[in-house]
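Observations on the model geometry
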There are 2 protein chains.
Amino acid sequence: MTATVGALAPISRAACVGGGVIGGGWIARFLLAGIDVKVFDPHPAAQRIVAEVLANAERAYGMLTGAPLPKRGRLTFCASVAEAVADAQWVQESVPERLDLKRRVLAEIDAGAPAEALIGSSTSGLKPSDLQAGLAHPGRLFVAHPYNPVYLLPLVEIVGGAATTPETIARAKAVLDAIGMKGVVIAREIEAFVGDRLLEALWREALWLIKDDICDVETLDDVIRYSFGLRWAQMGLFQTYRIAGGEAGMRHFLAQFGPCLQWPWTRLTDVVDLDDALVEKIGGQSDAQAAGLSIRELERIRDENLVGIVQALKAGQGGEGWGAGRLLKEFEQRLWAQAGGGAPAPDPTAPLELLEIRVSPAWIDYNGHMTEHRYLQVFGDTSDALLRLIGVDFAYVEAGHSYYTVETHLRHLGEARLGEALTCTTQVLAVDDKRLHLFHRLFAGPERREIATAEYMMLHVDSRAGRSAPAPEHVLAKLRAIADAHAKLETPAAVGRAIGQKTRLAAPV
Amino acid sequence: MTATVGALAPISRAACVGGGVIGGGWIARFLLAGIDVKVFDPHPAAQRIVAEVLANAERAYGMLTGAPLPKRGRLTFCASVAEAVADAQWVQESVPERLDLKRRVLAEIDAGAPAEALIGSSTSGLKPSDLQAGLAHPGRLFVAHPYNPVYLLPLVEIVGGAATTPETIARAKAVLDAIGMKGVVIAREIEAFVGDRLLEALWREALWLIKDDICDVETLDDVIRYSFGLRWAQMGLFQTYRIAGGEAGMRHFLAQFGPCLQWPWTRLTDVVDLDDALVEKIGGQSDAQAAGLSIRELERIRDENLVGIVQALKAGQGGEGWGAGRLLKEFEQRLWAQAGGGAPAPDPTAPLELLEIRVSPAWIDYNGHMTEHRYLQVFGDTSDALLRLIGVDFAYVEAGHSYYTVETHLRHLGEARLGEALTCTTQVLAVDDKRLHLFHRLFAGPERREIATAEYMMLHVDSRAGRSAPAPEHVLAKLRAIADAHAKLETPAAVGRAIGQKTRLAAPV
């Protein structure tokens, strides 16, 4: 459900100067976190580009999480920098990578923004000290360097310059963490910071390998994505090598690996000349690699894979979540907590609308339909949403009690396709001190086709003792209130039906 | 199920000289593909190390796929190189990274192995031409460079030297592809090939960033795993940048990015001195980053995450699979095809044992138990296994017909924990021309605790017309044979039961 809670962040108003692919990604992050955004970008196609990035972001977010996002912020395009930044609490600059241009724009922002506003630059390489030189309030200027696609990749490198105040860094990190991003503070400023320096090194070597015909671009990409790329989605360089070092760990690994540094295993001491011939060679090989997939198609595939990878990491470390997956898990827990707080009392005269989510790429089978068990996942998430509504939340489960499912009766009435919006409703059929009898209905698409139903019998348990136990009065009271209201609803015909009751066979035929 | 089919590969006998972490990974890959392996490694702890790697590999494989692996190959430790390689069809050398040592060992292998045997070296940097110099049969020597953990990361860089024959390269690739690995042929030999050159470049830059206190190792790792690491698990450098270039694609991106190559964005022109101080600095920071997790624990987390990531990619591109996920999907299809071919006729006097799998990390909820919908996933996979048994396989579905589930009745009787072995049995209750009535039982652990049951009603459909249709006689004949045999079995008490039938509540309470 899209609960109408307030903004997630310590801020509610942002401004984005520059709305390309990166600026558009920032705009999407802010809007989806419930923050109003004012945009200035003189580019004639700015509104179209931002709209496209925003559409991608909403599609991806919808597949990434079923947690209740706050009410989307208001998007306003402005005619000038001054107008865009006038009441902003955070201004994000994402103009082209030219020092003179950025300095001029940042001076305008500094002059027009409220004194307490934070000013972040998306620069991927320029030093914040160089950017803040000449500003009236340089202390609030910092680098906030994100990665494409900004709406899915959580990392933001936070880099302060000589004049940046510690409070600025602390406030910037707090805002980013609050909207589900990963603000990482870089201790000392340096050109290109950390991520792009690593990428730059790899990129230079890669260009040599292509130029010297050691391999083509597809082979080079395969080398990455079938090997260390799979490692790096979850652990970085040092943690991975710590493991490679075996029980002796990092020091042993370094002792082993050290000598190779002296070997001629790189051409990085030269800078490759990216001349027309090399550009054409790479361009041609890249066309062949794409095998007819358009940029839009590749973008969609990339985002769907990112969603699947992050969701897989969310299940990491025995359900605790790992890396980007744990970040998502913690973000969702805050979203649920907020929604619980701010959610309007559900209408008792109708089944509860407890879950809205889009069909995630990982849910599709080779027929192109939503896989059988994902129906049960959505129904299970809906039961969880009901439990949170009656006070059976993470803390309650932590404390040793919960409702467990003992029986489920699923009926498949239709199919759902990738990216389609799903809505699930719940009718409480009956309640006693231990048992909870539910009926879920799953609808797909704007026309709300009923594609499945699930009848549930749940039991309240003492999970430590491993046996059923009466639910506490404060939980039962909430449940009975809903059950009493739902008693006025018609009992669905499917309730109490056994498998194939209408179609029972004389066994065996 | 672990069907007793033959080896997957064009070979059935391999030898591994050197059984450390890398050699052990090769041994596991071969054994799990049904290939017998003879090992020579003078290291006193060799047998223990290989046993540990093999245990990790079997645990990971069990979680990675429910497809029927061939009967595990025979593992034999030998007292000499000559004994190990005497009847081998593939010899893999994985001794320490010293040219003189590798040359001596390879000469022994070359002298002792059958003339037609392939000889692969696991070297991560030495040129095959240098390795084959002086061999009696240099044409069969090539580099087969894998990545750690070898039993999960599919990539093998295949590199030939001056004397290596094209047939050697082709045969090597065929064997690797057959056992589910990704053999990538590098066009021209060069020290460190492709993957390690890229890693080397990144690694050198990383060492400078730590030495110069730009960041610590945990920050550097976070920069990787919260940003481009997530991209690289699915797409490499060039395909990713093609997308970043937008509609204009690769050439546009290069034009934009080219100039930066001249900027001072790297210290790679110097070689960092990995002195004791730097080793100690990195070692200490790495200890802090590990936060008390042992190498074994980190290894387990890494493998579980890899399983989850690859399974997510298997669902990529609308169920077609992407990258390492498509590789797994294609491998599983071959495994199913083989098992169908070589599987023994199931015992008709008992429920069919159609599925064996271990509880995957992605299946665990925050209680540490297997999540509700994963039960249905296992039951669904079991139904698929039955369908394949009666001829409803990929080709059959491609041709436009299939069985769809219309109703399911699940009962939860117990719980399963991470890594626990699951077995699922099927009893065919009834069959007619369109309908199929099944009862699955799920057992956990060596003691086979019954943890859930599922009653299924399936319908044979014409998937293009989108309606039910009679199944063809060749399918019905197979089904009836099983149904007739199962008619002699007792009908489970749970069959035909409605939800809460034994525990029905007067609704509402």
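Residues numbered from 1 in each chain as written. Chains lettered and ligands numbered in written order. Predicted model: local features only at pLDDT ≥ 70, side-chain atom pairs only at ≥ 80, totals over all residues. Heavy atoms only, no water.

Counted only if it meets this: UniProt positions are given in the numbering used here, feature names are shortened, and annotations may be inferred rather than shown by experiment.
Chain A goes by L-carnitine dehydrogenase in an unreviewed UniProt entry, where it is assigned to Ancylobacter dichloromethanicus. The UniProt entry for chain A carries the following comment under Subunit (unreviewed entry): "Homodimer." Regarding chain A, the relevant UniProt record gives this comment under Subcellular location (unreviewed entry): "Cytoplasm".

Digging into the interface of chain B and chain A
Convention followed: Contact definition: two residues touch when any of their heavy atoms are within 4.5 Å. Here the buried area means the combined drop in accessible surface, using a 1.4 Å probe, for two parts upon being joined, counting both sides. Each salt bridge in this description consists of a side-chain nitrogen of Lys or Arg and a carboxyl oxygen of Asp or Glu lying within 4 Å of one another. Residues adjacent in sequence count toward polar contacts only when both atoms are side-chain atoms; beyond that, a polar contact is any pair of N or O atoms within 3.5 Å, and within protein one must be able to donate a hydrogen and the other to accept it. As a working rule, the residues Ala, Val, Leu, Ile, Met, Phe, Trp, Tyr, Cys and Pro are called nonpolar, Asp, Glu, Lys and Arg charged, and the rest polar, with Gly in that last group. Paired strands, in this sense, are two strands between which DSSP finds at least two bridges. Only DSSP runs of H or I reaching four residues or more are called helices, and only runs of E reaching two or more are called strands; each is numbered from the N terminus.
Of the residues lining the interface, 167 residues belong to chain B; the matching set on chain A comes to 167 residues. Between chain B and chain A, roughly 16200 Å² of surface is buried when both sides are summed, and carbon and sulfur atoms account for 67% of that area. At the junction of chain B with chain A, the criterion picks out four salt bridges. Here A:Arg197 makes a salt bridge to B:Glu205, at a shortest N to O gap of 2.8 Å. The tally of links between chain B and chain A comes to 39 residue pairs in polar contact (both at pLDDT 80 or more). Class assignment for the residues of the side of chain B that touches chain A results in 90 nonpolar, 39 polar and 38 charged. Bridging between strand β10 (residues 401–412) of chain A and strand β10 (residues 401–412) of chain B involves five bridges; their strand directions are antiparallel. Residue pairing in the sheet places A:Glu407 in a bridge with B:Arg411 of β10(B).

Brief notes about the UniProt feature "domain: 3-hydroxyacyl-CoA dehydrogenase NAD binding" (unreviewed entry) in chain A
Under the local residue numbering, the UniProt record ascribes the feature "domain: 3-hydroxyacyl-CoA dehydrogenase NAD binding" (unreviewed entry) to residues 14–188 of chain A. Within residues 14–188 of chain A, the helical portion is 39% and the strand portion 21%, while the C-alpha atoms at the span's ends are 27 Å from each other.

Observations concerning the relation of the copies chain B and chain A
Definition in use: For this overlay, a least-squares fit was computed on C-alpha atoms, restricted to residues scoring pLDDT of at least 70 in both copies.
In the superposition of chain B on chain A (RMSD 0.1 Å, axial shift 0.0 Å), the rotation amounts to 180 degrees. Read as a symmetry element, the transformation amounts to a two-fold axis. Comparing interface residues between copies, 100% of those in chain B also lie at the interface in chain A; the contact surface is shared.

Focus on the pairing of strand β1 (residues 13–17) of chain B
Residues and elements named next belong to chain B. Put simply, the rule is: Only protein chains enter the accessibility calculation, which uses a 1.4 Å probe. A residue is then buried if its area is under 20% of the maximum for its type, exposed if over 50%, and partly exposed in between.
Where burial is concerned, most of β1 is hidden: four out of the five residues are buried. The sheet contact formed by β1 and strand β2 (residues 36–40) spans five bridges and is parallel. In the strand pairing of β2, Ala-15 is matched with Lys-38. Looking at chain direction, β1 and strand β4 (residues 90–93) are connected through four bridges and run parallel. Of the residues in β4, the one forming a bridge with Cys-16 is Gln-92.

Here we look at the state of the cysteines
Here is the rule: Any two cysteine sulfur atoms within 2.5 Å of one another count as a disulfide.
A complete count under the given rule lists zero disulfides over all chains for this structure. With no disulfide of its own, B:Cys78 lies 11 Å from the sulfur of B:Cys16, the closest cysteine sulfur.

Here we look at the pattern of salt bridges
A full pass over the atoms with the stated rule returns 54 salt bridges over all chains. For B:Arg74, the salt bridge is made with B:Asp36, and the minimal N-O distance between the two is 3.5 Å. Highlighted residues: B:Arg74 in the loop between α2 (46–64) and β3 (75–77) and B:Asp36 in strand β2, separated in sequence by 38 residues. Here the salt bridges share partners, and the residues they tie into one network are A:Arg48, A:Glu52, A:Arg296 and A:Glu299.

Comments concerning the nonpolar core
Selection rule: Here, nonpolar core refers to any group of buried Ala, Val, Leu, Ile, Met, Phe, Trp, Tyr and Cys residues whose side-chain atoms link them within 4.5 Å.
Membership of the largest hydrophobic core comes to 322 residues, with the highest contact counts inside it found for A:Leu220, A:Tyr403, A:Leu422, B:Leu220, B:Tyr403 and B:Leu422. The biggest single contributor to this core is α2(B), with nine residues. In contact with A:Leu220, other than residues within four places in its own chain, are A:Ala206, A:Leu209, A:Ile210, A:Cys215, B:Val194, B:Leu198, B:Leu237 and B:Phe238.

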